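An overview of the molecular structure
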Amino acid sequence: MLKPDEGPILFRNTMRIFDGHLAEFTREVRRAVEFVEEHGPQLMVDVFIDEERMLAYSYQLYRDSDAIREHWRLSDPYIRGVMEHCEVERFDVHGHPDDGIREGMRPMAEGGTPFTITQRAVGFARFA
């Protein structure tokens, strides 16, 4: 069983898609996910789109804080393409990111985006 400060880190990003941008958002998010599937450090990425409410939910699972740093280094051009068609409505982190990752997320929180970090209580993973 994993201790509270061990294990993977899960991101849940809630995005508000701009009116009239659904097709472009879908194209760009697909392009970004295809890139990280090929080159990124994520253990899992899944995106869900609620077309009626124009919301998208992205879940990304990372092995550790170093994997998050690698994602930030590699994915910036793809993230910019997605962000032309949406804004982050809420960002939740589950797990134990290190101080560097917390500092890297500070501008988002200071910019007014609702942002939480929830520490693990208990858990396990079946990933190899």
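Cut-offs used in this document
- Residues numbered from 1 in each chain as written.
- Predicted model: local features only at pLDDT ≥ 70, side-chain atom pairs only at ≥ 80, totals over all residues.
- Heavy atoms only, no water.
- Core = buried A, V, L, I, M, F, W, Y, C linked by side-chain atoms within 4.5 Å.
- Buried < 20%, exposed > 50% of the residue type's maximum accessible area, 1.4 Å probe, protein only.
- Helix = DSSP H or I, 4+ residues; strand = E, 2+ residues; numbered from the N terminus.
- Pairing = 2+ DSSP bridges.
- Axes fitted to C-alpha atoms, helices over the stretch in contact; angles between N-to-C directions.
- Salt bridge = Lys/Arg side-chain N within 4 Å of Asp/Glu carboxyl O.
- Contact = heavy atoms within 4.5 Å.
- Polar contact = N/O pair within 3.5 Å; in protein donor to acceptor, adjacent residues only side chain to side chain.

Comments concerning the nonpolar core
Inside soluble globular proteins, nonpolar side chains tend to come together where they are buried. Ranked by size, the top nonpolar core spans twelve residues in total: Met 15, Ile 17, Phe 25, Val 29, Ala 32, Phe 35, Val 36, Met 54, Ala 56, Tyr 78, Val 82 and Cys 86. Of all elements in the fold, only strand E1 (9-17), helix H1 (22-39) and helix H2 (65-83) reach the threshold of two or more residues within this core. A per-element tally of this core places H1 first, with five residues. Within the second largest apolar cluster, nine residues are counted, among which are Tyr 62, Ala 67, Val 93 and Ile 101.

Quick word on the pairing of E1
The pairing of E1 with strand E3 (residues 55-62) spans eight bridges and is classified as antiparallel. Paired with Phe 11 across the two strands is Gln 60, which belongs to E3. Bridge count for E1 against strand E4 (residues 86-94) is eight bridges, and the pairing is antiparallel. What sits directly across from Arg 16, in E4, is Glu 87.

Quick word on the sheet that holds E4
Reading across the sheet, the five strands line up as E2-E3-E1-E4-E5 and stay open at both edges, with mixed pairing between neighbours. Among the strands making up the open sheet, the edge pair consists of strand E2 (44-50) and strand E5 (115-118). Each neighbouring strand pair of the sheet contributes to a mean axis angle of 15 degrees, computed without reference to strand direction. The pairing of E2 with E3 spans seven bridges and is antiparallel. Counted as the bridge partner of Ile 49 is Ala 56 from E3.

Concerning the pattern of salt bridges
Enumeration according to the criterion identifies eleven salt bridges in this entry. Between Glu 28 and Arg 27 there is a salt bridge, with the nearest N and O atoms lying 3.5 Å from each other. Residue Asp 66 pairs with Arg 69 through a salt bridge whose shortest N-O separation is 2.8 Å. Within this pair, Asp 66 and its partner Arg 69 are both found in helix H2, separated by three residues, close to a single helical turn.

A closer look at the environment of Arg 69
Note on Arg 69: relative accessible area 32%, which makes it partly exposed. When sequence neighbours within four positions are dropped, the list of residues in contact with Arg 69 reads Asp 98, Gly 100 and Ile 101. Within the local environment of Arg 69, its side chain forms a polar contact with the side chain of Asp 98, the two groups lying 2.7 Å apart.

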